[in-house]
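Residues per chain are reported as follows:
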Amino acid sequence: MATPVADIQLPSIPVLLDQSRSERLALLRETAADSWLARNEIGYSVLTYESVMGILRDKRWHSATGLVAQMQGISDDAFLSRRRVSILNAEGEVHVRLRRLVAPAFSPRSADRLRPFMRQTVNELFDAVAHTGKAEIVRDVCEPYPIPIICELLGAPKEDWKLFSRLATDVLRIFGGNLAEEFPLIVAAQQELETYTEGLIADRRSQPADDLITDLIAAEESGDKLNTEELTMMVEAVIVGGTDTTRNQLGLAIALFAEHPEQWEILRNDLSLVPRAVEEVMRFSGAVSGTIRFASEDIEYNGVLFPKGTFMSTSMSTGNFDASVFPTPNVFDITREPVGQPHLSLGAGIHYCLGASLARAELQEAFSVLAERMPNLSLNGVVEYKPTGVGIFGPSSLPVSFSAQ
Amino acid sequence: MKVTVDFDICASTGACTQIAPEVFEIRTDGYLYILQENPTGANEELARQAADLCPTAAITIEE
Ligand code: HEM
Ligand code: SF4
């Protein structure tokens, strides 16, 4: 018989958002060493590799990513009435249908086609600072990098890059720690994004081009098509899911290499290690440290009964440090032999990151360009990090120096 | 049993390789490869589970 989760003695994870990320991670990883499960402010957290995988792969746990606003006490009617199915929180057949229709646009092959454009984008951004030997690399390279790529993918014009970047950042504040205060800004950004996206779609309907929006309009399987609302949602999901994630992941990567110059040297001397380096960076320091699910029915797992409605956080940042899967997890080592089990930073199960091939290609191209162009990379000041919320994490400022070429 | 994958739709998520590592593999090029097109024994059930969990329903099983 499974024991109801409420009757079990469990460690609890305090909220303490004013902790630094490293303090919070240390605490979580310490807790994970003793218990796969912990209590948190909204429900429970799974902390080990196996349990994070177990929850993310179990279809009875549904995505709660559409509920974060309500969980933080927001009950704004205008907002709640706008909430509709997104690929990020759809389940069952609705979800499979959406993913199948958009999948060809996100296959490894599609991502590979954009690699030359990715290289060109990093090179151009880096040109502006190359001769100085110094950069605030977040501002100069990481922040702008994903925008042209997502615009190129979608087919949005260059004039829109700035607008696009701002909207993506503002919409994502919903996963930040300060929802009550930022809420009006978020709603305004969502509305603006929707109007903008509808404009893009209308343009492509009248003038098809070689881009994702045209593909999505055409995406069709046995007579089935995305309707306008679904199209808008998909384009928004790409804008929102594909920008802040990539830029923060690249920022975290450069911070790691600046702090581990010997690893940067290893990479510079053997660029065939780039794909492995990307996986190790994501394992060691993922931009998305967790996600959230709720029990769609009573669920028994590991001898514990979770009643219907239970909220569960899945802690990728502790699962990625699980010594039973990754030997010497605290060592950042880009030559690490693959263990046959992937890191958790791109998720798992049916909601596994749709943009994974694209994200990997973006990071791989950026690593190989920057490794060649930034010999002797080192920190040139203090790295400042964004506040640790439940959302996307990365450096807000990263001053570096390197040998100018 | 015969396993096929629609490679236009496969997103290399690795869900199948985790569940049925003897049937599916993702190589360093990032692409998925089928190791056993006609799995037998325990791998038959694992292949079915993998097909069920594939986010894009790219795997087809013919019994
Ligand atoms: C390094 C960069 C990235 C990271 C760390 C990342 C991380 C993640 C994670 C952890 C999930 C699973 C969320 C959950 O299970 O609740 C996810 C889903 C998703 N990602 Fe990414 N992502 C990245 C890049 C991208 C890119 C470039 C795109 C789009 C072009 C994208 C689009 C999406 C979408 C649409 C989903 C929802 C998929 C679904 O629910 O079926 N992501 N991502
Ligand atoms: S689970 Fe599906 S999408 Fe993922 S690698 Fe396997 S076949 Fe491809």
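Described below are features of the structure shown in this document. (Residues numbered from 1 in each chain as written. Chains lettered and ligands numbered in written order. Predicted model: local features only at pLDDT ≥ 70, side-chain atom pairs only at ≥ 80, totals over all residues. Heavy atoms only, no water.)

## With respect to the overall build of chain B
Looking only at helices and strands, one finds two helices and four strands in chain B. Listing every helix and strand of chain B by position from the N terminus yields β-α-β-β-α-β. For 63 residues, the compact-globule formula gives about 11 Å, and the C-alpha radius of gyration of chain B, at 10 Å, lands near that figure. Taken over the C-alpha atoms alone, chain B extends approximately 30 × 20 × 15 Å along its principal axes. Across the 63 residues of chain B, 46% fall into the buried class. (Helix = DSSP H or I, 4+ residues; strand = E, 2+ residues; numbered from the N terminus. Rg over C-alpha atoms; globule rule 2.2 N^0.38 Å. Buried < 20%, exposed > 50% of the residue type's maximum accessible area, 1.4 Å probe, protein only.)

## Points about the coordination of the iron atom of ligand 1
Just one protein atom coordinates the iron atom of ligand 1, and that atom is Cys 353 of chain A (SG), at 2.3 Å. Residue position: Cys 353 of chain A is located in the loop between α16 (316–319) and α17 (356–373). (Donors = N, O, S within 2.8 Å, 3.2 Å for Na, K, Ca; no water.)

## Things to note about the sheet that holds strand β8 (residues 290–295) of chain A
All names here are of chain A. Pairing in this open sheet of five strands is mixed, and the strands run β2-β3-β11-β8-β4 from one edge to the other. Two strands bound the open sheet, and with one partner strand each, they are β2 (37–39) and β4 (61–63). Taken pair by pair, the neighbouring strands of this sheet meet at an average axis angle of 35°, ignoring direction. One ladder, built from three bridges, connects β2 with strand β3 (residues 44–46); its direction is antiparallel. Looking across to β3, one finds that Leu 37 is bridged to Val 46. (Pairing = 2+ DSSP bridges. Axes fitted to C-alpha atoms, helices over the stretch in contact; angles between N-to-C directions.)

## Some remarks on unusual backbone geometry
Residue Thr 328 of chain A is not a glycine yet carries a positive backbone phi of 40°. Within the secondary structure, Thr 328 of chain A sits in the loop between α16 and α17. Phi is positive for Ser 12 of chain B, close to 50°, though the residue is something other than glycine. Mapped onto the fold, Ser 12 of chain B is located in the loop between β1 (2–5) and α1 (15–19).

## Considering the site of ligand 1
Residues and elements named next belong to chain A. Every one of the 28 residues lining ligand 1 counts as a neighbour, but His 95, Thr 291, Arg 293, His 351 and Cys 353 are closest to it. Contacts to ligand 1 include His 95, whose side-chain N or O atom sits 2.7 Å from an oxygen atom. The separation between an oxygen atom of ligand 1 and a polar side-chain atom of Arg 99 is 3.0 Å. At the level of elements, α5 (92–102), α13 (228–259), β8 and α17 are the ones that each hand at least two residues to the shell around ligand 1. With six residues, α13 is the largest single contributor of residues to the shell around ligand 1. (Near = heavy atom within 4 Å. Polar contact = N/O pair within 3.5 Å; in protein donor to acceptor, adjacent residues only side chain to side chain.)

## Considerations on helix α2 (residues 42–53) of chain B
Residue and element names in this part refer to chain B. The end-to-end C-alpha distance of α2 is 17 Å, a good match for the 16 Å that twelve residues give at a rise of 1.5 Å each. Listed in full, the buried residues belonging to α2 are Asn 43, Ala 47, Ala 50, Ala 51 and Leu 53. Viewed end-on, α2 has its buried residues packed into an arc of 165°, placing them on one side of the element. (Expected span 1.5 Å × (residues − 1). Arc of directions from axis to C-beta.)

## Looking at the environment of Glu 362 of chain A
All names here are of chain A. Inspection of the secondary structure puts Glu 362 in helix α17. When its relative accessible area of 1% is taken as the criterion, Glu 362 is described as buried. Each C-alpha atom, one on Glu 362 and one on Pro 146, is 7.9 Å from the other, the two residues being 216 residues apart in sequence. Sequence-distant contacts of Glu 362, defined by excluding residues within four places in its chain, comprise Met 118, Tyr 145, Pro 146, Ile 149 and Thr 246. Within the local environment of Glu 362, its side chain forms a polar contact with the side chain of Thr 246, the two groups lying 3.3 Å apart. (Contact = heavy atoms within 4.5 Å.)

## Considering the sheet that holds strand β1 (residues 3–4) of chain A
Strands belonging to one sheet form pairs held by backbone hydrogen bonds; the direction of such a pair is parallel or antiparallel. Sheet architecture is open: three strands sit in the order β1-β10-β9 (chain A), paired in mixed fashion. Strand pairing shows two members of the sheet lacking a second neighbour, β1 and β9 (299–301) of chain A, which therefore form its edges.

## Quick notes on the site of ligand 2
The local shell around ligand 2 consists of Cys 10, Ala 11, Ser 12, Thr 13, Gly 14, Ala 15, Cys 16, Leu 32, Cys 54, Pro 55, Thr 56 and Ile 59 of chain B. Residue composition of the shell around ligand 2, by class: eight nonpolar, four polar and no charged. (Nonpolar A, V, L, I, M, F, W, Y, C, P; charged D, E, K, R; others polar.)

## Re the interface of chain A and chain B
Taken together, the contact between chain A and chain B spans 22 residues of the former and 18 residues of the latter. Summed over both partners, the interface of chain A with chain B comes to about 1,700 Å²; 53% of that surface belongs to carbon and sulfur atoms. Seen at the junction of chain A and chain B, the total is two salt bridges. In this structure, Lys 59 of chain A and Asp 52 of chain B form a salt bridge, with 3.1 Å as the shortest nitrogen-oxygen distance. At the junction of chain A and chain B, the tally comes to seven residue pairs in polar contact (both at pLDDT 80 or more). Among the elements of the structure, α2 (49–57), α5 and α6 (108–113) of chain A are those that each provide at least two residues to the side of chain A that touches chain B. Among the residues forming the side of chain A that touches chain B, the class breakdown is ten nonpolar, five polar and seven charged. (Buried area = accessible area lost by both parts, 1.4 Å probe. Salt bridge = Lys/Arg side-chain N within 4 Å of Asp/Glu carboxyl O.)

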